[in-house]
Amino acid sequence: MPGQFQFYDDSLMSHGSMDYIMGTRFDIISVGKSKEISESVWQNISLELIRLDKMLNCFDPNSEISHINNFAVQESVSLSNEFSEILLTCKEFHKRTLGLFDITLTDFTKIDFNYNSKSIQFQIPGLHLDLGGYAKGYALKKINQILVKSTVNQAFINFGNSSIFGIGHHPFGHSWKISINNPYKAGEAIDEIDLIDMSLSSSGNTPSYPKHIINPTTGKYDDSLKLVCVKAKDPVVAEVVSTSLMIANQRERKKILRNFEVEFTQTYTF
Amino acid sequence: MKGNKENQVDHSLRQFIKDLGYITGGAALLVATAPWLQSFTPEKAKEIKNEKARIGFIGTGSRGQYNMHAVLNIPHAEIVALCDDYPPSLKTASELCPNAKTYTNYKKLLESPDIDGVVISTPLNWHAPMVLDALAAGKHVYCEKAMALTMDECKAIYDAYQRTDKVLYFCMQRMFDEKYIKGIQMIHSGLIGDVVGERCHWFRNHDWRRPVPSPELERKINWRLYRDSSAGLMTELACHQLEVCHWVSGQMPESVVGMGDIVYWKDGREVYDSVNLVYHYSNSTKINYESLIANKFNGMEDQILGKKGTMNLATGVYFLEDDSKSKSGIEQLINQIGEKVFTAIPAAGPSWRPETKVENTAYPILTGKFNVNNGLSMVGAVKDGSDEILSAFCQGCITGEKGKNIVEEAYCATMLCHLGNQAMVEGKKISFPEEYKIPYMSF
């Protein structure tokens, strides 16, 4: 079984984790199922994570995304069904975020994507796809499907702190309650958020990772000292909106929020 | 003016004890880690307040003068005699202490009834005869490390110490260095988990030589470089660090392997300028020791590796293997649910990346500013515990109270130095010899 799995008999609680997957750490706590069921659910989740990592990780030379990045400049590359669906969603999100969510990080309109023939080709050299602001949300959505299918209705998922998903509620509380860490001051909480069947995505810079969000419309990295948190039912939406709001101006922000169903957004500046 | 200065120093010594938690509680914990500090109570300080230990200095070269400066700042001590057979050193020392009587033969100094204790800062081959003679003459003795040039001499000193009622100190100053005391207390309290290894090194880029006014003085001045007066890097540098390993583990390694070479300074010296050793404990943990004096990049460190963290005692910082920050609050949640508690757990924030985990957070052992020795000085560092251990010795000269474990620690450390040298010379694994075991050691 990949990763680590631990079951706590007294509280019918299981903890599955992977130290390094999709560039970060993954943890899930689930409550209320037997050891056997929990173990098999974890098995499915961990294998799904590995499968998605193999498809979406652009640092893995054998992944589908790497194959596209390597060959789509010269020729039309055919896509798997799933990758086609993902690209279609990303295209739609690109539109709804006024171009701020852009998996090419430069200009999404410079790719020829044909959903019907399931193929892609880059119009200009130097383009490549990066699903950094999307993949974790997508993985959470897929994992949620596994949990629903297995009738797990109390679970808490932390995907590298930036993507969190609370399913049902804490066994001794009305929600999953989490505090938001101040990225510039270790140990300081800046807010508390309740999640009930809700995901939370955070985007921001940290002292050790200051410039990693690029504004595709200007080509410049955002280096502001801020943190954007977005709460939404759909973890993909939370992910895409938090990344976009990180670089949006006031006007863009209002427009973008009109295009998505989100519960709550908050920008913390430091 | 002098009075003011004394007050200032007295204050700093009290502050040292206070900072260590002696006065403000925590005494039991502290004594468990550093039993030799139990003589440093405020009551004892009051007891000796109006008295002065009369100290004679045997050896007034650079290290002797360093020690003199320290003693001059100790309110409960005065320097009454100086001895050296090298006139330039004696002259400089005498200028520092014009009222002290001067000698060129240490045996004559030992005959003086007006001396309570002696501070010996001489080449290693002189330690054993001088310490033994001084104890026999009824003097309290403070001697530079290492203990002595050979294992037999060390054992002779240890045996003499068992028979005497005199105070004997060796300059194991890390035992009085605040960051070592606190750091080892943290290790003993479990902060870094089980100790799984020890790594010590001392690097310099220097020939280890002193200028020699005329060729016949070469062996006298550069005594560190010749085998009949020195055991090289092991006794001069490693000794301190091996003492720390023993202090941390409370155990003696049962065997050692090593390689020693003259890598760079091929100038006629007889001692290695490069040593690499592995000491092996019966519980399978090891000390990795390395010293090289033709490259200083790695500096000096006494590093204790624990299952849960790493303690860098020389630089006074520690690191934790699994920082709670990178644990994503999940452990807290597991504990909460286990204890049927519901509160917020710290989790959300910018994406956690493994890179941030590689940049380990360094936590200081002590709060506020503290002194870190870069290990480059051939004479001595400031605030490395030397002043405190000398002050403790001078107190012992007044009270007659022996320093707990100090001779034993010096004996263990020096024995490990000699054992290491033997392993390197013979090119084989050496087990600790039965005849040199003492009750203080556990293997």
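Just above, that's the structure.
None of these values were measured; they are calculated from a predicted model.

**Some details on the overall build of chain A**
Piece 1. Scanning chain A for helices and strands turns up six helices and 15 strands.
Piece 2. Within chain A, the proportion of its 270 residues that are buried is 53%.
Piece 3. For chain A, the share of sequence-separated contacts (at least 6 apart) that also reach a separation of at least 24 residues comes to 57%.
Piece 4. Working note: accessible area of chain A is about 12000 Å², and carbon and sulfur atoms make up 49% of it.

**Considerations on a positive patch on the surface**
Piece 1. Judged by side-chain charge, Arg251(A), Lys254(A), Lys255(A) and Arg258(A) come together as a positively charged surface patch.
Piece 2. Relative to the helices and strands, Lys254(A) is located in helix H6 (residues 250–258).

**Let's talk about the interface of chain B and chain A**
Piece 1. Facing the 26 residues of chain B at the interface are 42 residues of chain A.
Piece 2. Buried area between chain B and chain A, both sides added, is near 2900 Å², and the carbon and sulfur share of it is 68%.
Piece 3. Our count for the contact surface shared by chain B and chain A stands at zero salt bridges.
Piece 4. For the pair chain B and chain A, the number of links is four residue pairs in polar contact (both at pLDDT 80 or more).
Piece 5. Residue assignment for the side of chain B that touches chain A shows that the elements contributing at least two residues are helix H12 (330–338), strand S14 (345–348) and helix H13 (354–358) of chain B.
Piece 6. The element best represented in the side of chain B that touches chain A is H12(B), accounting for six residues.
Piece 7. Looking at side-chain class alone, the side of chain B that touches chain A contains 14 nonpolar, eight polar and four charged residues.

**Some remarks on the sheet that holds strand S7 (residues 195–203) of chain B**
Residues and elements named next belong to chain B.
Piece 1. As summarised here, the arrangement of the nine strands in space is S15-S13-S12-S11-S7-S10-S9-S8-S16, forming an open sheet in which the pairing is mixed. Only two strands of the sheet have a single partner each, and these edge strands are strand S15 (363–364) and strand S16 (430–431).
Piece 2. Packed on one face of the sheet, helix H11 (residues 232–249) meets S7, strand S9 (274–280), strand S10 (286–292) and strand S11 (300–306) and runs near 160° to S7.

**Thoughts on the pattern of salt bridges**
All names here are of chain B.
Piece 1. The tally for this structure, following the rule as stated, stands at 29 salt bridges over all chains.
Piece 2. Put simply, Arg174 and Asp302 hold a salt bridge, and the shortest N to O gap is 2.9 Å. Highlighted residues: Arg174 in the loop between strand S6 (168–170) and helix H9 (178–188) and Asp302 in strand S11, separated in sequence by 128 residues.
Piece 3. Residue Asp302 is classed as buried on the basis of its relative accessible area, which comes to 0%.
Piece 4. For Arg224, the salt bridge goes to Glu236, with nearest N and O atoms at 3.7 Å. Placement of the pair is Arg224 in the loop between helix H10 (218–221) and H11 and Glu236 in helix H11, with a sequence separation of 12 residues.
Piece 5. Accessibility expressed as a relative area gives 12% for Arg224, which makes it buried.

**A few points about the packing of helix H7 (residues 124–136) of chain B against helix H8 (residues 151–163) of chain B**
Residue and element names in this part refer to chain B.
Piece 1. Two elements in contact, H7 and H8, have axes separated by 10 Å at closest approach and are oriented at 15°. Looking at the two axes, H7 sits roughly parallel to H8. Like other packed secondary-structure pairs, H7 and H8 cross with a definite hand, here left-handed. Across from Ala128, Val131, Leu132 and Leu135 in H7, the residues of H8 making contact are Glu153, Ala156, Ile157 and Ala160.

**Some details on the sheet that holds strand S8 (residues 163–167) of chain A**
Piece 1. Taking strand neighbours across the sheet as the criterion, the eight strands line up as S1-S2-S3-S7-S8-S11-S14-S15 (chain A) in an open arrangement whose pairing is antiparallel. Taken across any chain shown, the strands that pair with only one partner, and hence form the sheet edges, are strand S1 (4–8) and strand S15 (264–269) of chain A. Averaged over neighbouring strand pairs, the angle between their axes works out to 10° when direction is ignored.
Piece 2. Alignment of S8(A) against strand S11 (residues 198–204) of chain A, held across four bridges, turns out to be antiparallel. Note that in S11(A) the partner of Gly166(A) across the bridge is Met198(A).
Piece 3. Its contacts with the sheet place helix H5 (residues 235–247) of chain A against S8, S11, strand S14 (226–232) and S15 of chain A, and it is angled at close to 155° to S14(A).
Piece 4. Those strands touched by H12(B) are S1, strand S2 (13–21), strand S3 (24–31) and strand S7 (155–159) of chain A, and its axis lies near 10° from that of S3(A).

**Thoughts on the packing of aromatic side chains**
Residue and element names in this part refer to chain B.
Piece 1. Applying the stated criterion to the full structure yields 15 aromatic pairs over all chains.
Piece 2. The interplanar angle of 65° and the centroid separation of 5.8 Å between the aromatic rings of Tyr169 and Phe393 together place this pair among those described as edge-to-face. Pair noted here: Tyr169 is in strand S6 and Phe393 is in helix H14 (residues 386–399), with a separation of 224 residues, a long-range link.
Piece 3. Given a relative accessible area of 2%, Tyr169 falls into the buried group.
Piece 4. Taking 5.2 Å as the distance between ring centres and 50° as the angle between the ring planes, the aromatic pair formed by Phe432 and Phe443 counts as tilted. In this pair, Phe432 sits in the segment after S16 while Phe443 sits in the segment after S16, placing the two residues 11 residues apart along the sequence.
Piece 5. Classification of Phe443 as partly exposed rests on a relative accessible area of 28%.

**Looking at the environment of Glu144(B)**
Residues and elements named next belong to chain B.
Piece 1. Looking at where Glu144 falls in the secondary structure, it is placed in the loop between strand S5 (140–143) and H8.
Piece 2. Among the residues examined, Glu144 registers a relative accessible area of 6% and is labelled buried.
Piece 3. Placed 25 residues apart in sequence, Glu144 and Val119 show a C-alpha to C-alpha distance of 7.9 Å.
Piece 4. Setting aside residues no more than four positions away along its own chain, Glu144 makes contact with Arg63, Asn67, Ile120, Ser121, His127, Phe170 and Cys171.

**Some details on the packing of helix H4 (residues 62–72) of chain B against H14(B)**
Residue and element names in this part refer to chain B.
Piece 1. It is the contact of H4 with H14, at a shortest axis distance of 9 Å, that shows an interaxial angle of 70°. Relative to H14, H4 is oriented roughly perpendicular. Where H4 crosses over H14, the handedness of that crossing is right-handed. Every residue of H14 that contacts H4 at Arg63, Tyr66, Asn67, Ala70 and Val71 is listed here: Ser386, Asp387 and Leu390.
Piece 2. In terms of residue class, the contact of H4 with H14 is made up of four nonpolar, two polar and two charged.

**Some details on the environment of Ser14(A)**
Residue and element names in this part refer to chain A.
Piece 1. Relative to the elements of secondary structure, Ser14 occurs in strand S2.
Piece 2. When the C-alpha positions of Ser14 and Ser34 are compared, they lie 9.0 Å apart, and in sequence the two are 20 residues distant.
Piece 3. If sequence neighbours within four positions are ignored, Ser14 has contacts with Phe5, Gln6, Phe7, Ile28, Ile29, Ser30 and Ser38.
Piece 4. A polar atom in the side chain of Ser14 sits 2.8 Å from the side chain of Ser30.

**What about unusual backbone geometry?**
As a rule of thumb, non-glycine residues mostly have phi less than zero, and peptide bonds are mostly trans rather than cis.
Piece 1. That bond from Lys145(B) to Ala146(B) is cis: its omega, -10°, falls within 30 degrees of zero.
Piece 2. Examined against the element boundaries, Ala146(B) turns out to sit in the loop between S5 and H8.
Piece 3. Unusually for a residue other than glycine, Leu12(A) sits at a positive phi of about 50°.
Piece 4. Tracing the chain through its elements places Leu12(A) in the loop between S1 and S2.
Piece 5. A relative accessible area of 37% means that Leu12(A) is categorised as partly exposed.
Piece 6. Positioned with a positive phi, Met22(A) is a non-glycine residue whose angle comes to about 50°.
Piece 7. Relative to the elements of secondary structure, Met22(A) occurs in the loop between S2 and S3.

Criteria and thresholds
- Residues numbered from 1 in each chain as written.
- Chains lettered and ligands numbered in written order.
- Predicted model: local features only at pLDDT ≥ 70, side-chain atom pairs only at ≥ 80, totals over all residues.
- Heavy atoms only, no water.
- Helix = DSSP H or I, 4+ residues; strand = E, 2+ residues; numbered from the N terminus.
- Buried < 20%, exposed > 50% of the residue type's maximum accessible area, 1.4 Å probe, protein only.
- Contact = heavy atoms within 4.5 Å.
- Areas by Shrake-Rupley, 256 points an atom, 1.4 Å probe, with all protein chains shown as cover.
- Patch = residues over 30% accessible without salt bridge, like charges linked within 9 Å, V, L, I, M, F, W, Y side chains within 5 Å.
- Salt bridge = Lys/Arg side-chain N within 4 Å of Asp/Glu carboxyl O.
- Lys, Arg positive; Asp, Glu negative; His and termini not counted.
- Charge placed at Lys NZ, Arg CZ, Asp CG, Glu CD.
- Buried area = accessible area lost by both parts, 1.4 Å probe.
- Polar contact = N/O pair within 3.5 Å; in protein donor to acceptor, adjacent residues only side chain to side chain.
- Nonpolar A, V, L, I, M, F, W, Y, C, P; charged D, E, K, R; others polar.
- Pairing = 2+ DSSP bridges.
- Axes fitted to C-alpha atoms, helices over the stretch in contact; angles between N-to-C directions.
- Parallel < 35°, antiparallel > 145°, perpendicular 65-115°, else oblique.
- Left-handed = near helix turned anticlockwise from the far one by under 90°.
- Phe/Tyr/Trp six-rings, centres within 6.5 Å; stacked < 30°, edge-to-face > 60°.

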